Amino acid sequence: SRAGAAAARKAEEARALAAQLPAAGVLVALDERGKALGSEAFARQLAAWRDAGRPAVSFAIGGADGLDPAFVASAELALSFSPLTWPHQLVRIMLAEQLYRATTILSGHPYHRE
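Per chain, residues are indexed from 1 in the order of the written sequence. Residue-level local features of this predicted model are given only where pLDDT is at least 70; pairs of side-chain atoms are given and counted only at 80 or more, and the full residue set underlies all totals for whole chains, interfaces and linings. To get the side-chain values, all heavy atoms of the structure are used, and hydrogens and water are removed first.

1. So, the packing of aromatic side chains
The test is simple: Any pair of Phe, Tyr and Trp rings, taking the six-membered ring for Trp, is counted once the centres come within 6.5 Å. Such a pair is stacked with planes under 30 degrees apart, edge-to-face with planes over 60 apart, and tilted for the rest. Per the convention used, a helix needs a DSSP run of H or I reaching at least four residues, while a strand needs a run of E reaching at least two, with both numbered from the N terminus. Burial classification: accessible surface area is computed with a 1.4 Å probe over protein chains only, and a residue below 20% of its type maximum counts as buried, one above 50% as exposed, and the rest as partly exposed.
Summed over the entire model, instances satisfying the criterion amount to one aromatic pair. Between Phe42 and Phe59, the aromatic rings sit 6.3 Å apart at their centres with planes inclined by 55 degrees, giving tilted as the arrangement. Placement of the pair is Phe42 in helix H2 (residues 39–51) and Phe59 in strand E2 (residues 57–61), with a sequence separation of 17 residues. Classification of Phe59 by relative accessible area gives partly exposed; the value is 23%.

The structure is reproduced here in structure tokens:
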């Protein structure tokens, strides 16, 4: 069945992603059912992980079928940019913008207010 094939693809993708995660790092899964954070709250979360000495933050964006539910559950944070489904290429751009915005927020730059 198509659903079974999609589940198998997601499980295989999850195993491959998990194998690449740095030890003691933070996993953030981008998922439309995740928690919605504003830019300032996102910046504060990144700062909290930094200040706790976490060595890395990895962001996982699913393929066409999304991420494996067990993989999302294993993430320290499931983050949603919207309840809508977005192409992963667009999510990459949105994530890059939010990481840049978080950097400006944490440095006190007024960019994030424009």
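That covers the picture; the talk isn't over yet.
2. Quick look at the sheet that holds strand E3 (residues 77–80)
Inclusion rule: Pairing between strands requires that DSSP locate at least two bridges from one strand to the other. Fitted lines through C-alpha atoms give the axes, limited to the stretch in contact for helices. The angle between two N-to-C directions lies from 0 to 180 degrees. In what follows, a contact means two residues having at least one pair of non-hydrogen atoms within 4.5 Å.
On the basis of which strands lie adjacent, the open sheet formed by three strands has the order E2-E1-E3 and parallel pairing. Only two strands of the sheet have a single neighbouring strand rather than two, namely E2 and E3. Taking each pair of neighbouring strands and ignoring which way they run, the sheet shows an average axis angle of 45 degrees. Both strand E1 (residues 26–36) and E3 contribute to a ladder of five bridges, which runs parallel. Residue pairing in the sheet places Ala36 in a bridge with Ser80 of E3. This element, H2, spans E1, E2 and E3 of the sheet and lies at about 135 degrees to E2.

3. Side note on the environment of Pro55
Of note, Pro55 is situated in the loop between H2 and E2. Taking the C-alpha atoms as reference, Pro55 lies 8.1 Å from Pro22; in sequence the two are 33 residues apart. Residue contacts for Pro55: discarding those within four places in its chain leaves Ala23, Ala24 and Gly25.

4. A few points about the pattern of salt bridges
The following threshold applies: We count a salt bridge whenever a side-chain nitrogen from Lys or Arg sits within 4 Å of a carboxyl oxygen from Asp or Glu.
Applying the stated criterion across every chain, the model contains six salt bridges. We note a salt bridge from Glu76 to Arg54, for which the minimum N-O separation is 2.9 Å. Pair noted here: Glu76 is in the loop between helix H3 (69–74) and E3 and Arg54 is in the loop between H2 and E2, with a separation of 22 residues, a long-range link. In this structure Arg54 comes out as partly exposed when scored by relative accessible area, which is 28%. One salt-bridge network, in which partners are shared between bridges, spans Asp31, Glu32 and Arg33.

5. What to know about a nonpolar patch on the surface
Our working definition: Surface patches are drawn from residues lacking salt bridges whose relative accessible area is over 30%; two like charges belong together within 9 Å, two nonpolar side chains (Val, Leu, Ile, Met, Phe, Trp, Tyr) within 5 Å. All accessible areas in this document rest on Shrake-Rupley with a 1.4 Å probe, and a residue is counted as covered only by the protein chains that are shown.
A contiguous nonpolar surface patch, about 380 Å² in accessible area, is contributed by Leu84, Trp86, Leu90 and Ile93. Inspection of the secondary structure puts Leu84 in the loop between E3 and helix H4 (88–106). For Leu84, a relative accessible area of 53% translates into the label exposed.

6. Observations regarding the packing of H2 against H4
Put simply, the rule reads: Note on angle classes: values under 35 degrees are labelled roughly parallel, values over 145 roughly antiparallel, values of 65 to 115 roughly perpendicular, and the remainder oblique. Three classes are used, and their members are as follows: Ala, Val, Leu, Ile, Met, Phe, Trp, Tyr, Cys and Pro are nonpolar, Asp, Glu, Lys and Arg are charged, and the others, Gly among them, are polar.
One way to put it is that H2 packs onto H4 with a least axis distance of 9 Å and a crossing angle of 75 degrees. Of the possible angle classes, the one that applies to H2 and H4 is roughly perpendicular. Taken together, the residues of H4 that come into contact with H2 (itself represented by Ser39, Glu40, Phe42, Ala43, Leu46, Ala47 and Arg50) are Leu95, Gln98, Leu99, Arg101, Ala102, Ile105 and Leu106. Broken down by class, the residue content of the contact of H2 with H4 amounts to nine nonpolar, two polar and three charged.

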